[in-house]
Number of protein chains: 2
Amino acid sequence: MRDANSEWLCRRLLEIGIRVKVRTDVEDDDDLIATAVAQAVKRSAAVVVSGGLGPTEDDRTRAALARGLGVELERDEAVVAELERRFAQRGRRFTPEQARQAYRPRGAEWLPNPLGTAPGFSVDLGGVLLFALPGVPGELKSIFDASVAPRLRERVGEHALASRVFRVGGKIEPAVDTAIRDLYDDPDVTFTVLARATGLEVLVTVEAESAREARGRLDAIDAAIVDRLGDALIGRDDRTLARAVGEMLVSAGLTLATAESCTAGLLAAEVTEVPGSSRWFRGGVVVYANDLKTDLAGVDAAVIETHGAVSAEVARMLAEGVRERCGADLGIGVTGVAGPGGGTPDKPVGRVHIALSDDDGTLDRRLDMIGDRRLIRRRAVIGALEMIRRRLL
Amino acid sequence: MRDANSEWLCRRLLEIGIRVKVRTDVEDDDDLIATAVAQAVKRSAAVVVSGGLGPTEDDRTRAALARGLGVELERDEAVVAELERRFAQRGRRFTPEQARQAYRPRGAEWLPNPLGTAPGFSVDLGGVLLFALPGVPGELKSIFDASVAPRLRERVGEHALASRVFRVGGKIEPAVDTAIRDLYDDPDVTFTVLARATGLEVLVTVEAESAREARGRLDAIDAAIVDRLGDALIGRDDRTLARAVGEMLVSAGLTLATAESCTAGLLAAEVTEVPGSSRWFRGGVVVYANDLKTDLAGVDAAVIETHGAVSAEVARMLAEGVRERCGADLGIGVTGVAGPGGGTPDKPVGRVHIALSDDDGTLDRRLDMIGDRRLIRRRAVIGALEMIRRRLL
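The structure displayed is predicted, hence computed values, not measured ones.

(A) Quick peek at the overall build of chain A. Of regular secondary structure, chain A possesses 13 helices and 16 strands. Based on the C-alpha atoms only, the size of chain A along its principal axes is roughly 85 × 50 × 40 Å. Across chain A, the fraction of contacts at a sequence separation of at least 24, relative to all contacts at a separation of at least 6, is 64%. Mean positive and mean negative side-chain charge positions of chain A (54 and 61 charges, respectively) differ by 1 Å.

What follows is the structure, given as structure tokens:
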């Protein structure tokens with residue numbers, strides 16, 4: 001029951017102006033498939049079914065779908081002949097099981113599959129258009145673009161949707177919610193606030209009579225969001241926090257270096273997920289052991305002794321030391337307790353100190369986070385990137 | 001309608017002996033949620049709902065779920081007080097919206113959330129157990145393990161499913177498939193070979209008359225898999241490649257240091273995802289810029305000039321240099337072209353050199369991978385860890 005296609009399908013459908021409201025995954029079982037299809041047809045204007053069209057025993061979609069729709073399955077001899085021809089062409093033996101792929105519900109129209117053996121099909125139920133596509137991602141995508149999208153566009157007409165993701169930094173979910181809540185009233189606009197491991201996102205979708213109108217209204221909402229969130233707005237769509245930081249560094253002509261203890265390379269790995277990051281990222285050190293904080297980043301061993309490895313003082317020396325040793329304009333240092341062990345009443349799990357050093361001096365901040373090891377480390381990375389972004393604003 | 005949890009949930013439920021037959025994702029809409037819950041309750045013995053329990057306007061699950069079940073929502077003042085206390089503790093302002101999280105359907109039992117603000121809850125409908133959990137993955141997982149799994153185990157009792165994940169290193173999917181194919185015949189056993197970013201996995205599920213019989217048969221299959229895969233078997237279930245390497249280093253009393261160019265901290269981050277990794281991981285350097293390869297890891301600048309930064313020679317010097325500078329028993333160096341830019345006919349995108357240095361000398365290997373930047377970097381990390389594992393066998 002793995003679903004390789006739904007994110008792609010939802011995106012493509014949205015571009016056409018169709019919002020996917022319900023998605024159901026079921027096991028390869030006739031009853032479950034028939035019920036799911038019958039329910040979907042009842043509540044929707046369009047239904048896309050994927051997977052289970054192949055020649056094997058566990059490909060149950062054709063029969064189950066016909067049952068869900070209450071029609072017969074029929075065999076198409078022209079498709080059998082075409083399959084035989086294709087098998088012969090590639091020197092493969094055509095077995096009777098392959099002919100399963102030539103059955104369709106009565107009244108269905110074939111959707112050719114240039115990349116594979118199982119064709120898709122569509123059924124026009126009057127108010128509802130239903131499409132069945134093979135689950136192999138490449139085949140599904142090519143059939144969708146060639147045969148499904150045009151039929152849906154024709155049906156949808158000038159009604160349209162436009163959507164945009166707004167990425168937000170340095171604010172918690174309720175604060176963002178409060179800031180933009182007065183925009184929620186419009187029934188044609190949907191707001192979804194998502195707290196993800198990479199930060200907060202607000203997904204805005206506008207429904208309108210035409211694509212042009214939808215885009216125009218989305219731009220108006222965009223302006224209102226900029227007004228409400230100000231500097232907290234990191235970017236739109238693919239402009240992640242790491243990308244925003246990278247673009248700001250490039251336009252300022254500055255470079256960055258990292259010294260990481262608890263995040264241990266995760267911050268460097270995140271900034272280098274951005275293609276072309278070598279223009280602004282020089283490198284850094286991962287100083288898990290305390291003696292390496294001294295040897296690789298020049299942290300005074302006496303300071304570690306006095307204040308502990310998890311302290312603002314050590315974070316500051318990490319930032320300053322790595323900046324100097326890597327010859328970077330900005331140095332950032334991260335030290336903390338990621339857990340599950342290592343916490344004390346004084347320095348509990350989730351305590352992270354981050355410091356940022358540049359020509360003007362060194363800033364530091366303390367984060368106290370809840371979550372497991374994985375989450376604390378990821379949130380520390382977001383905190384560090386957000387600190388750089390704020391510095392560069 | 002993005003779903004971050006279902007794969008994890010399906011796996012955990014399977015371990016308990018519950019197979020997920022239907023999964024539905026719906027938009028944040030009361031009608032859709034209520035309908036989906038009502039349908040799920042009708043056809044299932046257990047229902048897990050995730051997401052939409054937070055404090056914001058679009059967190060619709062509580063109300064919709066109560067409607068789907070046909071019961072009232074009630075506010076729990078004890079939970080409000082606990083939320084206020086937690087906010088005060090962290091110096092955050094408690095707003096009235098936060099109190100939304102203190103509502104539950106009448107008759108529901110709270111499931112505490114140690115990692116976040118929104119508690120989950122369970123409803124016992126007689127024949128059906130329903131659980132509602134927050135969507136934040138860390139919170140969902142901790143509540144599931146602490147509160148949901150025990151309740152389900154009790155209900156399921158002597159179930160007849162047993163499953164195990166086998167993690168495989170250094171083999172591609174068709175090779176694994178061929179090696180274990182003769183085990184596929186048994187109709188009560190399901191084999192799923194999964195190629196994941198973290199490596200190859202074989203999920204084996206056995207259905208039997210009793211849990212004991214299922215476990216016994218699974219152990220027999222386990223022995224057969226050990227026989228077929230030999231050293232390629234990394235571990236079972238939660239024993240990931242990084243954990244296996246960590247355990248091997250601990251029992252050998254050895255430490256590790258990393259010098260990374262194209263993976264830029266991802267390898268260090270992966271080994272330190274393992275709790276307690278400070279016992280065997282000392283630290284490392286991220287040497288994106290060429291002059292840092294020299295300054296931080298002692299790579300001869302003339303060697304970079306002659307052979308290029310992406311070369312076996314540089315990987316070897318990175319491994320040797322970082323081993324010495326970090327005072328580790330093993331040093332590993334990684335350099336390559338992650339793309340999308342930077343490839344040449346001679347050194348195409350996907351080319352990665354890895355070297356491993358220890359007391360006995362230095363080994364190197366070359367990988368040529370296909371995929372995008374993200375995938376190439378992740379596969380390089382797997383390649384490096386697998387190289388360490390092989391060395392320690």
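(B) The sheet that holds strand 8 (residues 161-168) of chain B, seen in detail. All names here are of chain B. Taken in spatial order, the 4 strands line up as 9-10-8-11 in an open sheet, and their pairing is antiparallel. Here the strands that pair on one side only, and so sit at the sheet edges, are strand 9 (189-196) and strand 11 (233-236). Strand-to-strand twist of the sheet, defined as the mean angle between neighbouring strand axes without regard to direction, takes the value 25 degrees. With 8 bridges connecting them, strand 9 and strand 10 (residues 199-207) associate as antiparallel partners. Among the inter-strand pairings, phenylalanine 191 is bridged to a residue of strand 10, identified as valine 204. Strand contacts of helix 1 (residues 6-16): strand 8, strand 9 and strand 10, with the helix running at about 125 degrees to strand 8, the strand carrying the most contacts.

(C) Representation of the pattern of salt bridges within the structure. All names here are of chain A. According to the stated counting rule, one finds 71 salt bridges over all chains in the structure shown. For the salt bridge of glutamate 77 with arginine 75, the shortest nitrogen-to-oxygen distance reads 2.8 Å. A relative accessible area of 49% means that glutamate 77 is categorised as partly exposed. A residue is classified by how much of its surface remains accessible, and arginine 75, at 39% relative accessible area, is partly exposed.

(D) Representation of the packing of aromatic side chains in the model. All names here are of chain B. One pass over the structure, following the stated rule, counts 10 aromatic pairs over all chains. On the numbers, 6.3 Å between centres and 80 degrees between planes, the contact of tryptophan 110 with phenylalanine 121 is edge-to-face. Taken together, the residues span a long stretch of sequence, with tryptophan 110 in strand 5 (residues 109-111) and phenylalanine 121 in strand 6 (residues 120-124) at a distance of 11 residues. Of the two residues examined, tryptophan 110 and phenylalanine 121, each falls in the buried class.

(E) Structural detail: helix 10 (residues 290-297) of chain B. Three or more residues of helix 10 of chain B are buried, namely B:Leu292, B:Lys293, B:Leu296 and B:Ala297. The arc that holds the buried residues of helix 10 of chain B, viewed along the axis, is 110 degrees, so those residues lie on one side. Elements that come into contact with the buried residues of helix 10 of chain B comprise strand 13 (281-287) and helix 12 (312-326) of chain A together with strand 13 (281-287), helix 11 (301-307), helix 12 (312-326) and strand 14 (330-336) of chain B. Positioned one or two residues after helix 10 of chain B, B:Gly298 has a phi angle of 70 degrees, which is positive.

(F) Looking closely at the interface of chain A and chain B. Chain A puts 63 residues into the contact, and the matching count from chain B is 62 residues. Between chain A and chain B, roughly 5,100 Å² of surface is buried when both sides are summed, and carbon and sulfur atoms account for 53% of that area. When the area that chain A buries against chain B is broken down by residue, the three leading residues are A:Arg23, A:Glu273 and A:Arg282, summing to 12%. Counting every contact that joins chain A to chain B gives 12 salt bridges. Between B:Asp291 and A:Arg282 there is a salt bridge, with the nearest N and O atoms lying 2.5 Å from each other.

(G) Main features of helix 13 (residues 373-392) of chain B. With 20 residues, helix 13 of chain B should cover 28 Å at 1.5 Å per step; its first-to-last C-alpha distance of 29 Å lies within 8% of that length. Along helix 13 of chain B, the residues that are buried comprise B:Arg373, B:Ile376, B:Arg377, B:Ala380, B:Val381, B:Gly383, B:Ala384, B:Leu385, B:Glu386, B:Met387, B:Ile388 and B:Arg389.

(H) Summary view of the packing of helix 10 (residues 290-297) of chain A against helix 12 of chain A. All names here are of chain A. Two numbers describe how helix 10 lies on helix 12: the axes approach to 9 Å, and their chain directions differ by 35 degrees. Side by side, helix 10 and helix 12 meet where Lys293, Thr294, Asp295, Leu296 and Ala297 of the first sit next to Val314, Met317, Leu318, Gly321, Val322 and Arg325 of the second. Along the lines of polarity and charge, the residues of the contact of helix 10 with helix 12 split into 6 nonpolar, 2 polar and 3 charged.

(I) Summary view of the pairing of strand 12 (residues 256-260) of chain A. Residues and elements named next belong to chain A. Counting buried residues in strand 12 gives 5 out of 5 residues, a clear majority hidden from the surface. Of the two faces of strand 12, the one holding Leu256, Thr258 and Glu260 and the one holding Ala257 and Ala259 are both buried throughout. Direction of pairing for strand 12 relative to strand 13: parallel, over a ladder of 5 bridges. Looking at strand 13, one finds that alanine 257 is bridged to glycine 283. As for the winding sense of the linkage, the β-α-β connection from strand 12 through helix 9 (residues 266-271) to strand 13 is right-handed. In this structure, strand 12 lies alongside strand 14 (residues 330-336), joined through 5 bridges in parallel fashion. Directly across from alanine 257, in strand 14, lies its bridge partner glycine 331.

(J) Looking closely at the environment of A:Gly253. On the secondary structure map, A:Gly253 appears in the loop between helix 8 (241-252) and strand 12. It is 7.9 Å that separates the C-alpha atoms of A:Gly253 and A:Trp280, two residues lying 27 residues apart in sequence.

(K) Expanded view of unusual backbone geometry. Residues and elements named next belong to chain A. Residues glycine 339 and proline 340 are joined by a peptide bond in cis, for which omega reads 0 degrees. Summarising the element assignment, proline 340 is placed in the loop between strand 14 and strand 15 (351-358). Of note in this structure, aspartate 237 is not a glycine but carries a positive phi near 50 degrees. Looking at where aspartate 237 falls in the secondary structure, it is placed in the loop between strand 11 (233-236) and helix 8. With a relative accessible area of 35%, aspartate 237 lands in the partly exposed category.

(L) Looking closely at the state of the cysteines. One pass over the full model with this rule turns up 0 disulfides over all chains. Looking at A:Cys10, it has no disulfide partner, and the nearest cysteine sulfur is the one in B:Cys10, 18 Å off. Between B:Cys262, a cysteine without a disulfide, and A:Cys326, which holds the nearest cysteine sulfur, the sulfur-to-sulfur distance is 18 Å. Residue B:Cys262 is classed as buried on the basis of its relative accessible area, which comes to 5%.

(M) Local environment of the nonpolar core. Counting 70 residues, the largest nonpolar core has A:Leu256, A:Val352, A:Leu385, B:Leu256, B:Val352 and B:Leu385 as the members making the most contacts within it. Beyond its immediate chain neighbours, meaning those up to four positions away, B:Leu256 contacts B:Leu249, B:Val271, B:Trp280, B:Phe281, B:Arg282, B:Gly283, B:Ala328, B:Leu330, B:Ile332 and B:Ile388. Of all hydrophobic cores here, the second largest spans 34 residues; its members include B:Val285, B:Leu292, B:Val322 and B:Cys326.

(N) Geometry of the side chain of B:Arg11. With respect to the helices and strands, B:Arg11 occurs in helix 1. With near-sequence residues (within four places) excluded, B:Arg11 lies in contact with B:Val165, B:Arg196 and B:Glu201.

(O) Looking closely at the sheet that holds strand 14 of chain A. In space, the 10 strands of this open sheet follow the order 16(A)-15(A)-14(A)-12(A)-13(A)-13(B)-12(B)-14(B)-15(B)-16(B), with mixed pairing throughout. Edge positions in the sheet fall to strand 16 (361-368) of chain A together with strand 16 (361-368) of chain B, since each of these pairs with one other strand and no more. Across the sheet, the mean angle separating the axes of adjacent strands is 15 degrees when strand polarity is ignored. Note that strand 15 (residues 351-358) of chain B and strand 16 of chain B share 8 bridges and pair antiparallel. Bridging from a neighbouring strand, B:Ser357 pairs with B:Thr362 of strand 16 of chain B.

(P) Inspection of the side chain of A:Thr117 at higher detail. Residue and element names in this part refer to chain A. Residue placement: threonine 117 occurs in the loop between strand 5 (109-111) and strand 6 (120-124). Residue class for threonine 117 comes out buried when judged on its relative accessible area of 19%. Setting aside its immediate chain neighbours within four residues, threonine 117 contacts Leu83, Phe87, Arg90 and Gln101.

What counts and what doesn't
Residues numbered from 1 in each chain as written. Chains lettered and ligands numbered in written order. Predicted model: local features only at pLDDT ≥ 70, side-chain atom pairs only at ≥ 80, totals over all residues. Heavy atoms only, no water. Helix = DSSP H or I, 4+ residues; strand = E, 2+ residues; numbered from the N terminus. Contact = heavy atoms within 4.5 Å. Lys, Arg positive; Asp, Glu negative; His and termini not counted. Charge placed at Lys NZ, Arg CZ, Asp CG, Glu CD. Pairing = 2+ DSSP bridges. Axes fitted to C-alpha atoms, helices over the stretch in contact; angles between N-to-C directions. Salt bridge = Lys/Arg side-chain N within 4 Å of Asp/Glu carboxyl O. Buried < 20%, exposed > 50% of the residue type's maximum accessible area, 1.4 Å probe, protein only. Phe/Tyr/Trp six-rings, centres within 6.5 Å; stacked < 30°, edge-to-face > 60°. Arc of directions from axis to C-beta. Buried area = accessible area lost by both parts, 1.4 Å probe. Expected span 1.5 Å × (residues − 1). Nonpolar A, V, L, I, M, F, W, Y, C, P; charged D, E, K, R; others polar. Right-handed = clockwise from strand over helix to strand, strands pointing away. Disulfide = S-S within 2.5 Å. Core = buried A, V, L, I, M, F, W, Y, C linked by side-chain atoms within 4.5 Å.

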